[in-house]
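Observations on the three-dimensional arrangement
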Amino acid sequence: MSASRRSGTTDELGPDEPERDGADGRDGADGSDLLAALLDGMDAALCAFDADGVVTHWNREAERILGWSAEEAVGKRGLAGWAVRSADAEEVEERLLSAMHAPGRQVHEFALLTKDGGRVLVRTQSAAVRGPDGKPAGVYCAFSEVHAQIDLERSIALSEALFEDAGWGVVLVDVDLRPAVVNAHAARALGTGRTSVLGRPLGELLSQGVEELESALQHVLAEGAPPAPAEVWVSVRTPEGERRRCWRSGFLRLASPLAEEPVPLGVGWLFQDVTEFKQNEQEASLLRFRTQQLHRAARAAAECEDPAEAATVHLDFALAGFADHALIDRVAGGALTDPEAEGPVRLVRVAATPSGAPGPSRLAGPAGLPVRYPEGHPALQCVERTGALRASAGAASAERAREWALARQWPPDAVHALCAVLRSRGRTLGVVTFLRGAGRSAFERSDAVYAEDVAVRIATALDVVDLLDLADPPAGG
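Calculation criteria
Residues numbered from 1 in each chain as written. Predicted model: local features only at pLDDT ≥ 70, side-chain atom pairs only at ≥ 80, totals over all residues. Heavy atoms only, no water. Buried < 20%, exposed > 50% of the residue type's maximum accessible area, 1.4 Å probe, protein only. Helix = DSSP H or I, 4+ residues; strand = E, 2+ residues; numbered from the N terminus. Core = buried A, V, L, I, M, F, W, Y, C linked by side-chain atoms within 4.5 Å. Contact = heavy atoms within 4.5 Å. 1 Å grid on protein atoms, 1.4 Å probe; cavity = no way out; pocket = protein on both sides within 12 Å on 5 of 7 lines; lining within 4 Å. Points joined across faces, edges and corners; volume = space filled by probe spheres on them. Nonpolar A, V, L, I, M, F, W, Y, C, P; charged D, E, K, R; others polar. Salt bridge = Lys/Arg side-chain N within 4 Å of Asp/Glu carboxyl O. Pairing = 2+ DSSP bridges. Axes fitted to C-alpha atoms, helices over the stretch in contact; angles between N-to-C directions. pLDDT = per-residue confidence, 0-100. Phe/Tyr/Trp six-rings, centres within 6.5 Å; stacked < 30°, edge-to-face > 60°. Lys NZ or Arg CZ within 6 Å of the ring centre and 35° of its normal. Parallel < 35°, antiparallel > 145°, perpendicular 65-115°, else oblique. Left-handed = near helix turned anticlockwise from the far one by under 90°.

What follows covers helix α11 (residues 378–385). Residues of α11 that are buried include every one of P378, A379, L380, C382 and V383, and no others. Looking one or two residues past α11, T386 carries a phi angle of roughly 50 degrees, positive in sign.

What follows is the structure, encoded as structure tokens:
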């Protein structure tokens, strides 16, 4: 039997329709079949009553929830004794049928009985059905289990909260890897508005990290969500310039709930900006490493009989992860107490790392010839200022950078330099210079602090050399 009541007359819940294409009623039957198919295909349970409270329609979802079939339900007057407890029936039917005389839809919650005697709390939406004359002819009632409705409302509320109030970025990316929905937090992180970002390739928003991010999105589309969040470093294009950021990202594959087989709709991408945390973590890790290097260098230098060799030990330990080359230059003619009052300064090479291949620092020979540093050289400025000094070839071409390094008597692959003055007992002994190649970033202020720590240890070792020379003057002196 159909979910709707069939008879030789027009259904009470619909207007009278003229006969079509003959008197055999075949088209009318087709219309009833279509109506029954539509009702049975609904996701919501539906029942209808005529003006006297008789059940006229009952679909498959209503049967699934309550267990009563259409054959058992259609034609019953009211719900008392079978779908509602007799004690509650009057109130329930009154609330349902009151929709005939009320504008719009009415929403109610009450308990219905299942065929096996159980009770189900449902939420109903009821509205009037009007006849050809515009007068109420009955009521239709769509209902669903309250927990299912609450789950749906929670899902909708969660989606709205994520895209309005969330404290982290939320982006829905379509299968073409383009943003389809962006919340306010994500738009601010991307340096643009919520609507202007939609449909644009990620490469227009990010200058670095695009390949890694798109690879992650493609993996999620193909394989599903990864087991843990991933940290992605990106550079965001903004009107103020590029910003380097670290985003801790989680990914979810989105599939259509309406398809029989999962159809990918895109990827849900949630992220938090953890740049400050990662930078602090990196700085702390770097500080621990450098402190350990200073400690190891001090222990190794303590075993050196020659204080000049101890100076090179400090230099070699400092190079690890810090620079590619290093030089130690001493002031010619002895230490300076006041560089400005002493006149022009000349420097003599004491030790240097090999420029061709990696290896330990080597002490220079005893010739003591001054290094041909031109006027204004960073090492000379460092002595004059008695402080650290940074220099860089900047964004020059490879050829110009090579010329820049050779003009300063440095290895040809040097691009960034950091000079730290060697001072001990209130005197300037010389300069230690650290050099980096093009594969490294320029020296920063924190690097200068570390270089000064190393310089203090090297200066102490070189000062011991002077003290030994004074205690043991050369023969015939």
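Here the focus is the nonpolar core. If you look at the biggest cluster of nonpolar residues, it comprises 31 residues, and the most contacted ones within it are F322, I328, L422, V432, F434, I458 and L462. Residue assignment for this core shows that the elements contributing at least two residues are α8 (275–302), α9 (307–319), β12 (325–331), β13 (347–352), β16 (416–424), β17 (427–436) and α13 (445–471). For this core, the leading source of residues is α13, giving 9 residues. Here F322 is in contact with R290, L418, F434, R436, R440, F443, D447, Y450 and A451, once residues within four sequence places are set aside.

Turning our attention to empty space enclosed by the protein. Inspection of the entire model under this criterion finds 2 cavities of 30 Å³ or more. By volume, the largest cavity is sized at about 60 Å³. What lines the largest cavity is simply C47, F49, W58, L66, L79, A83, L96, F110, L112, C141 and F143. Going through the elements one at a time, β1 (45–50), β3 (106–113) and β5 (136–145) are the ones with two or more residues in the lining of the largest cavity. The class makeup of the residues in the lining of the largest cavity is 11 nonpolar, no polar and no charged. Roughly 40 Å³ of volume is contained in the second largest cavity. Sorting the residues of the lining of the second largest cavity by element identifies α8, α9 and α13 as the ones contributing at least two each. Among the residues forming the lining of the second largest cavity, the class breakdown is 6 nonpolar, 2 polar and 1 charged.

Our next topic: the pattern of salt bridges. For the structure shown, the criterion picks out 17 salt bridges. Linking R427 and D463 is a salt bridge whose minimum nitrogen-to-oxygen distance equals 2.6 Å. A residue pair is termed long-range when its members are at least 10 positions apart, and R427 in strand β17 and D463 in helix α13 qualify at 36 residues. Here R427 and D463 have matching classes, each one buried. D447 is paired through a salt bridge with R436; the nearest N and O atoms lie 3.5 Å apart. Of this pair, D447 sits in helix α13 while R436 is found in strand β17, placing the two residues 11 residues apart along the sequence. R436 carries the same exposure label as D447, and that label is buried. A cluster of three or more residues bridged by salt bridges with shared partners is formed by E231, R248, K278 and E281.

Turning our eyes to something else, we now look at the layout of surface pockets. Size it by volume and the second largest pocket reaches roughly 560 Å³. Taken together, 18 residues line the second largest pocket, and the ones lying closest to its centre are L286, R290, E444, S446 and D447. Looking at side-chain class alone, the lining of the second largest pocket contains 5 nonpolar, 6 polar and 7 charged residues.

Attention now goes to the sheet that holds strand β11 (residues 264–273). Strand pairing in a sheet relies on backbone hydrogen bonds, with the paired strands running either antiparallel or parallel. Spatial strand order, β7-β6-β11-β10-β9-β8: 6 strands in an open sheet with antiparallel pairing. One side of each edge strand has no neighbouring strand; the edge strands of this open sheet are β7 (179–182) and β8 (206–208). Ignoring strand direction, the axes of neighbouring strands in this sheet form an average angle of 40 degrees. Pairing between strand β6 (residues 169–173) and β11: 5 bridges, direction antiparallel. Opposite L172, over in β11, you have G268 as the bridge partner. Against the sheet, helix α7 (residues 210–223) makes contact with β6, β8, β9 (230–238), β10 (241–255) and β11, and its axis sits at roughly 5 degrees relative to β10, the strand it touches most.

Across 2 bridges, the pairing between β8 and β9 is antiparallel. Following the sheet pairing, L206 is matched in β9 by V236. Relative to β10, β9 runs antiparallel, the two being bridged by 9 bridges. Paired with R237 across the two strands is E242, which belongs to β10.

Per-residue confidence for the protein gives a mean pLDDT of 84; residues scoring 70 or more make up 88%. Mean pLDDT across the elements of the protein bottoms out in helix α10 (residues 339–342) (62) and peaks in β16 (95).

This part covers the packing of aromatic side chains. All chains considered together, the criterion is met by 9 aromatic pairs. Ring geometry for W247 against F271: centres 4.5 Å apart, planes inclined by 25 degrees, an arrangement best described as stacked. Here W247, found in strand β10, pairs with F271, found in strand β11; they are 24 residues apart in sequence, far enough to count as distant. One exposure class covers both W247 and F271, and it is buried. Both rings, one in F322 and one in F443, keep their centres 5.6 Å apart while their planes meet at 55 degrees; by these two values the pair is tilted. Here F322 is found in the loop between α9 and β12, whereas its partner F443 is found in the loop between β17 and α13, with 121 residues between them in sequence. Across the pair, exposure class does not vary: F322 and F443 are buried alike. Feature note: the residues F322, F434, F443 and Y450 constitute an aromatic cluster, connected by ring pairs. Stacked on the ring of W82, the Lys or Arg K76 has its end atom at 5.7 Å from the ring centre.

Another point: the packing of α8 against α9. Between α8 and α9, whose axes approach to 9 Å, the crossing angle comes to 155 degrees. One element, α8, and the other, α9, form an angle in the roughly antiparallel class. Of the two elements, α8 crosses α9, and the hand of that crossing is right-handed. Residues Q293, R296, A297, A298, A300 and A301 of α8 pack against A310, V313, H314 and F317 of α9. Partitioned by chemical class, the residues of the contact of α8 with α9 number 7 nonpolar, 2 polar and 1 charged.

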